[in-house]
Amino acid sequence: MIPARRLGLLLLVAAPGCAGPRNYLGATGGPIAGKLAGFGWVVLGVALAVVVAVTGLLVAAIARHRHEPEAGGEPRRRGRGLGWIHWGGMIIPTVILVLLFFQSLGLLEQLAAAPRARVTIRLTSHRWWWDATYLAQDGRTLIPTANVLHIPAGEPVRLELETADVIHSFWIPALAGKTDLVPGQHNATWIQADTPGTYGGQCGEYCGQQHANMMLTVIAEPRAEYERWLAAEAAPAVEPAGGAAAEGAAVFAGRACAGCHTIRGTMARGRVGPDLTHLARRPTLAAGLLANSPANLATWIAAPQAVKPGAQMPHVPLPADELQALLAYLQSLQ
Amino acid sequence: MAVTVAPTTDAPRGRLERIWATEPGLFGILGTVDHKTIGKRYLVTALFFMVIGGIEALVMRVQLAQGGERLLTPEQYNQLFTMHGVTMIFFYAQPVLSGFSNFLWPLLMGSRDMAFPRLNAFSYWVYLLAGLFLYMSLPLGQMPDRGWFAYAPLTERTFAPGLNMDFYALALVFLTISTTAGAANFIVSLMKLRAPGMSINRIPIMMWGTLTASAASLVALPALTVACTLLYLDRRFGTHFYDAGRGGHPILWQHLFWMFGHPWVYIIVLPAMGIISDLLPVFCRLPLVGYTYVALATVSTGIIGFGVWVHHIFAAGLPPVSMSYFSAASLVITIPSAIAVFAWLATIWLGRPEMKTPFLFAAGFIVLFVMGGVTGVATAFIPLDWQLTDTYFVVGHLHYVLIGINVFPVMAGAYFWFPKMTGRLLSERLGRWQFWVMFVGFNLGFFPMHIAGLLGMPRRIYTYPAGLGWDTVNLVTTIGAFCFAAGVLLLAVNVWRSYRSGEVAGDNPWDAPTLEWATRSPPASYNFPLIPWVESRHPLWDRQLEETAVTRLDEGLLLDQGRETVGTTPLDGLPEQVLRMPGDSLWPLALAASLFVGFTGFLAGAWWVAGRGSCSLPRAPSAGSGRRIAARRWPHDRPGMRTPARRGGPPLHRMVGPRHAARHRGRALPLPPLQLFLPRLHDPRRLPRRRRHALAPPGAPQHPAPAPQQRHLPGGPSAASRRGRRTASALASSPRCCSARCSSPSSSASGHRCPSRPAPMPTARSGTPSPASTRRTWRRDS
């Protein structure tokens, strides 16, 4: 078991791995979140104005009696006051709501249907990680990866959303709002990042024990860089020439690892956990919980249940030398 | 036989006390059907659950005070947030209002008990035992952990082994029995047990709120029962209702749950809003502005509330067109709330507010209500909701709604009615402290949640990494939560001190207008020695407001020949029969306990126990309990046969008439629910004069007699009241008597009586018509 303090520290270290701020009304990265932020500010502005107005009226209504000699007294009728209800309760709110409603419908129409996209990613959610499959440009080859999406900047990307187990929700605040991934249902959404950069997000629908640690990162980069990344991702793993890495490959194949994970180009074809073919190139581990560093990788493999209690990754007891060999192998998976 | 009781106070009071008092001892404690005791039990139990839910919240707030905190394991956190939600929403928010309503309804209505006293006791025991059932999971370490909303398939056995979600499903089904029974009881009580003269347009707004909430409960709760039953079947019997892999669909749960869930929000706020509507006039010293608007707003909120549930699942991938409908409905429902807010504002503006503690809570409530309302509007816009949903923004919103609109009015109600319940006032000084601590603590705690949400913090996460800008807001939230909890603690201190040594209240410490303040503090077991005849919406203010007819409490039906109260017509509140009420009994508890055993059997999979326990419900009548609860409510006497004694005025058979009595012999009371929604709230005198004349039946006597037997014309009252015009014409005829055709120019206010009009019975003492009593039941009240 790892002491709690060290683990807390680990979680803090992990923060950079989870990418930038998730403030969806501030600096947004694309047109969808940008429009939503614009509308959001309008709504919040109106909301604030209403709160201020009503609170002001309430304070004024109380304060206007403060000079009267005595509050209370005998009950009396004083005017009918129905104008308050007609104007404040009916006319003004109706006008405000109708205007905002139609604005929101316009926005809905713009955002609901995805424009034609050159990149399509099939995103499958699992407890508690994201499985992504890129449809390559030839339309047939499928390129699997996990937890980190690379997308070309400045163009729409279509996401087909499916889930392997329970309901999750796709959400990259700075790029797009939430769309649920529902069993038995094929949902789709789209994102677009105009500014290259790293956008963090996490599962938006409560999905059990590790809902809090089901992060998804989107890295937007210029088209050329994206294509380079995709080409490299499509390639199978390079077989280690020898040394510790080769021993590690044997450990991976011989121990429980290969039963759950795929490393393309080897015999490991498990489909339960994420594809690890190019693990070393990913910035994070354990669905964004840890930064991908040798120390974190060692911790994660040695005690997954301490790092991410309830995760599907079991604790596989490994002798120290096998662990070291395995680490060397995994770090060679560029 | 008519008995006129001599005008001494003690003789009938002593006799009534002997009839109505709960026996001392264990039998009395377990078997009482006194609505006041049951109401107080509801309140104490609900507040107890609030404290438990609050402690759960505080533990969670410690865990979330900073990023990466390790106080709780994810499992513990998930159990806590689930139990916090279930406890607060199901076991605090609605029952606490049931508590107020149970205690108050017969008092507000001028009745002696609820319509089904044993059903009332039964619903309390079921509530208590359902709570115990749910919390049995605590010692077993298997508390529900899938959220109070429990989305399938996460709740299916595959993903949630263990008893956790069985507890959830069964406890909620168990609780719905209580809520359903309570709702039916409220509706029938309101429809049938109002004091004579208390027409539907004279009931306090709180009763409109509870009526709407009860009607909504009856419609909404089956969806929850079905949802939970299907879940239980999926879990225990391998059905696949929510299993997408085998033909089910998880979205089915979401629809069923929110079809129940959103109306439930209104169920737990409408009575509380009603409390405010009834409180403000007391402290502003004038009747509520726009009573009719607020009453209609209350009912329409309850109805529209059934058309908004999809706004909880805008992100689930539904077609945009169908979502737009629900978005629009969610915006429309703002209007009734805005009407209520501006009615309250106008009442304060036009009145002379006294800054007593209940008023402070009411004023604070208005601010919080508006804040919770506008953030709710923000989530009603579909595209914006895609960002806001499932973030802390929604957590902030729902706490503003539920604490702002439920807890603050409950606090106001506690300060307001504590003297009626105990005879002693709560301390004003501590009350002010409590208000400010709670108000500041609440805003400190829950406002930053909106910011956390806007910064992208999702709900239901047991931890979060530092560095996303969420740390400060969460720390402030935690501090505010503890501050708010301190406010609740102050209430406990205040209650404890004031209960023992508070200022003695007297019958009507606030000089409030409604009938409960005409009783003693605390009220006698029989509530009212004489059932009053109500003349307005504010019976105790009639004199100050210079009403033309004054509700008089020293005259009325005595009903001292057993546990009796008077049954009246649903809309006009005309007396039609004497109802014999059941007395204390152990059967309600026994029935609830056998259900508890039955549900425990379902939980444990001990089918014969489950069968025995739950079969007791339909079998109850043969055991006598059901019959007593459900069937013995109706009069054993024909109303015309047993004439209740009353002080002054003609005997009851002149009030109800033989025809009427005959029609009702041996049958249940007619309850035409649709009549509820007929536009009867306005006084017909507000119609244009031409229209008024049109309403009068052709050939109607110039001065239609007011005595009810003549108003229930051919076809009998039930048939007649199904034709809405009968009442309308009777209504229209009344003002016409004195304002349109009568030769006398003086109004009824001046004491004029039409010569052809016999003295109306209720307010006449010993047959002598009082001048003011020429007024009829239907009258303009504001």
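Being a predicted model, the structure only gives us computed values, none of them experimental.

A. Representation of helix α9 (residues 270–284) of chain B within the structure. Residues and elements named next belong to chain B. Relative to the 21 Å expected for 15 residues at 1.5 Å per residue, α9 spans 21 Å between its end C-alpha atoms, a close match to the ideal helical length. Counting buried residues in α9 gives 15 out of 15 residues, a clear majority hidden from the surface. Count one or two residues on from α9 and you reach Arg285, which has phi positive near 60°.

B. Structural context of the nonpolar core. Judged by nonpolar contacts, the single largest core of 296 residues is most densely connected at B:Phe90, B:Tyr168, B:Trp253, B:Trp344 and B:Phe408. Per element, the largest residue contribution to this core is 20 residues, and it comes from helix α4 (residues 74–109) of chain B. Not counting residues within four places of it along the chain, the set of residues in contact with B:Trp253 comprises B:Phe149, B:Ala150, B:Tyr151, B:Ala152, B:Tyr168, B:Ala227, B:Cys228, B:Leu231 and B:Tyr242. The next biggest cluster of nonpolar side chains, apart from the first, holds 24 residues, and it includes A:Val251, A:Val307, A:Leu323 and A:Leu333.

C. Spatial organisation of the sheet that holds strand β8 (residues 187–191) of chain A. Residue and element names in this part refer to chain A. The mixed open sheet is built from five strands, whose spatial order is β3-β2-β1-β5-β8. Both outer strands of the open sheet, β3 (142–146) and β8, are each paired with one neighbouring strand and no more. Averaged over all adjacent pairs, the angle separating strand axes in this sheet is 25°, with direction ignored. Note that strand β2 (residues 129–135) and β3 share five bridges and pair antiparallel. Bridge assignment links Thr133 to a residue of β3, and that residue is Pro144.

D. Spatial organisation of the pairing of strand β7 (residues 176–181) of chain A. The buried count for β7(A) comes to six of six residues, which makes it a mostly enclosed element. The hairpin turn running from strand β6 (residues 168–172) of chain A into β7(A), its antiparallel successor, is three residues long.

E. Seen up close, the interface of chain B and chain A. Contact with chain B, which involves 95 residues of that partner, is made by 91 residues of chain A. Where chain B abuts chain A, roughly 8000 Å² becomes buried across the two surfaces, and 69% of that area is made up of carbon and sulfur atoms. Across the chain B-chain A interface, the total number found is two salt bridges. Here B:Arg460 and A:Glu205 are joined by a salt bridge, their closest N and O atoms 3.7 Å apart. Taken together, the connections running from chain B to chain A amount to 24 residue pairs in polar contact (both at pLDDT 80 or more). Listed by contribution, the elements that provide at least two residues to the side of chain B that touches chain A are α4, α8 (250–267), α11 (320–332), α12 (334–350), α13 (357–380), α14 (382–388) and α16 (428–454) of chain B.

F. Looking closely at the confidence of the model for chain A. Summarising the model, chain A shows a mean pLDDT of 88, and 92% of its residues fall at 70 or more. Mean pLDDT in chain A bottoms out at helix α1 (residues 4–14) of chain A, which sits at 40, and peaks at β6(A), which reaches 96.

G. Spatial organisation of the sheet that holds strand β9 (residues 197–202) of chain A. Residue and element names in this part refer to chain A. Spatial ordering of the open sheet is given by β4-β10-β9, a layout of three strands whose pairing is mixed. Each end of this open sheet is capped by a strand with a single partner; those strands are β4 (148–152) and β9. Going across the sheet, the axis of each strand differs from the next one's by a mean of 25°, ignoring polarity. Note: β4 against strand β10 (residues 215–221), five bridges, orientation parallel. Looking across to β10, one finds that Pro152 is bridged to Glu221. Where helix α4 (residues 223–234) meets the sheet, it contacts β4 and β10, and its direction lies at approximately 135° from that of β4.

H. Representation of the environment of B:Val96 within the structure. Residue and element names in this part refer to chain B. Residue placement: Val96 occurs in helix α4. Separated by 60 residues in sequence, Val96 and Lys36 have C-alpha atoms that sit 14 Å apart. Ignoring sequence-local partners within four residues, the contact set of Val96 consists of Leu43, Ala46, Leu47, Asn406 and Val410.

I. Expanded view of the pairing of strand β4 (residues 575–580) of chain B. All names here are of chain B. Judged by how many residues are buried, β4 sits mostly within the fold: five of six residues are covered. Note: strand β3 (residues 564–568) against β4, five bridges, orientation antiparallel. For Thr568, the partnering residue across the bridge sits in β4 and is Pro575.

J. Spotlight on the domain arrangement of chain A. Residue and element names in this part refer to chain A. Per the domain assignment, the segments making up chain A are domain 1 (119–230) and domain 2 (243–331). In this structure, domain 1 and domain 2 have C-alpha centres spaced 22 Å apart. Residue-level contacts link 16 residues of domain 1 with 18 residues of domain 2. The junction of domain 1 with domain 2 conceals about 1500 Å² of combined surface from both sides, 54% of it contributed by carbon and sulfur atoms.

Reading guide: rules and limits
Residues numbered from 1 in each chain as written. Chains lettered and ligands numbered in written order. Predicted model: local features only at pLDDT ≥ 70, side-chain atom pairs only at ≥ 80, totals over all residues. Heavy atoms only, no water. Helix = DSSP H or I, 4+ residues; strand = E, 2+ residues; numbered from the N terminus. Expected span 1.5 Å × (residues − 1). Buried < 20%, exposed > 50% of the residue type's maximum accessible area, 1.4 Å probe, protein only. Core = buried A, V, L, I, M, F, W, Y, C linked by side-chain atoms within 4.5 Å. Contact = heavy atoms within 4.5 Å. Pairing = 2+ DSSP bridges. Axes fitted to C-alpha atoms, helices over the stretch in contact; angles between N-to-C directions. Buried area = accessible area lost by both parts, 1.4 Å probe. Salt bridge = Lys/Arg side-chain N within 4 Å of Asp/Glu carboxyl O. Polar contact = N/O pair within 3.5 Å; in protein donor to acceptor, adjacent residues only side chain to side chain. pLDDT = per-residue confidence, 0-100. Domains from an automatic or database assignment.

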